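Next come the chains, spelled out residue by residue.
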Amino acid sequence: MDVVFCSSKDLSVFLNINKEDFFNVYSDAKILVVREREIVSFNEHIIKSETYTKDGEKAECEKTAHILERIGGGDAFAAGFIHGLLNFDGDIEKTLEFA
């Protein structure tokens, strides 16, 4: 397993762990991407993302998104992140900003 995408709620409810313990439990994982959504209004959301690597690197990004349709937003984010991993020479901060 290389990259895990989830929310803090996914970690606590489904996996019964927190971000700090993730790599101790899932030692095969290399990157953890935690994404949260704060709803400001129906069509304005704040998307907060954090990336942690097994090597101890951390990156954070916060963007305001003007929403037309939420369906597929997480998939598009994951695709952008994977694209960044493949094209930004392992620069986690640049990858997260691109996604």
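Everything below is about the structure shown above.
Here's what I pulled together on the structure shown here. (Residues numbered from 1 in each chain as written. Predicted model: local features only at pLDDT ≥ 70, side-chain atom pairs only at ≥ 80, totals over all residues. Heavy atoms only, no water.)

### Thoughts on the nonpolar core
Here is step 1 of the chain: If you look at the biggest cluster of nonpolar residues, it comprises 10 residues: V4, C6, L11, I17, F22, F23, A29, L32, V34 and Y52.
Here is step 2 of the chain: If you list the elements that add at least two residues to this core, you get β1 (3-6), α2 (22-25) and β2 (31-41).
Here is step 3 of the chain: Look past the residues within four positions of I17 in its chain and what remains in contact with it is L11, S12, F22, V25 and Y26.
Here is step 4 of the chain: In terms of nonpolar packing, the next biggest core, distinct from the first, is built from eight residues, I31, V33, A59 and L96 among them. (Core = buried A, V, L, I, M, F, W, Y, C linked by side-chain atoms within 4.5 Å. Buried < 20%, exposed > 50% of the residue type's maximum accessible area, 1.4 Å probe, protein only. Helix = DSSP H or I, 4+ residues; strand = E, 2+ residues; numbered from the N terminus. Contact = heavy atoms within 4.5 Å.)

### A short note on a nonpolar patch on the surface
Here is step 1 of the chain: A surface patch of nonpolar side chains, amounting to about 290 Å² of accessible area, comprises F5, I82 and L86.
Here is step 2 of the chain: Following the sequence through the fold, I82 ends up in helix α3 (residues 73-87).
Here is step 3 of the chain: Taking relative accessible area as the criterion, I82 reaches 40% and is therefore assigned partly exposed. (Patch = residues over 30% accessible without salt bridge, like charges linked within 9 Å, V, L, I, M, F, W, Y side chains within 5 Å. Areas by Shrake-Rupley, 256 points an atom, 1.4 Å probe, with all protein chains shown as cover. Salt bridge = Lys/Arg side-chain N within 4 Å of Asp/Glu carboxyl O.)

### Some points on a negative patch on the surface
Here is step 1 of the chain: Taken together, the side chains of D55, E57, D89, D91 and E93 make up a negatively charged region of the molecular surface.
Here is step 2 of the chain: If you trace the backbone, D55 turns up in the loop between β3 (44-53) and β4 (58-66). (Lys, Arg positive; Asp, Glu negative; His and termini not counted. Charge placed at Lys NZ, Arg CZ, Asp CG, Glu CD.)

### What to know about the packing of aromatic side chains
Here is step 1 of the chain: For the structure on display, the rule yields six aromatic pairs.
Here is step 2 of the chain: A ring pair is formed by F22 and F23, whose centres lie 5.2 Å apart and whose planes are at 80 degrees; its orientation type is edge-to-face.
Here is step 3 of the chain: Judged by relative accessible area, F23 falls into the buried class, the value being 16%.
Here is step 4 of the chain: An aromatic cluster is defined as three or more aromatic residues linked by ring pairs; in this entry it consists of F5, F77 and F81.
Here is step 5 of the chain: It is R35 that lies over the ring of F77; its NZ or CZ is 4.8 Å from the centre. (Phe/Tyr/Trp six-rings, centres within 6.5 Å; stacked < 30°, edge-to-face > 60°. Lys NZ or Arg CZ within 6 Å of the ring centre and 35° of its normal.)

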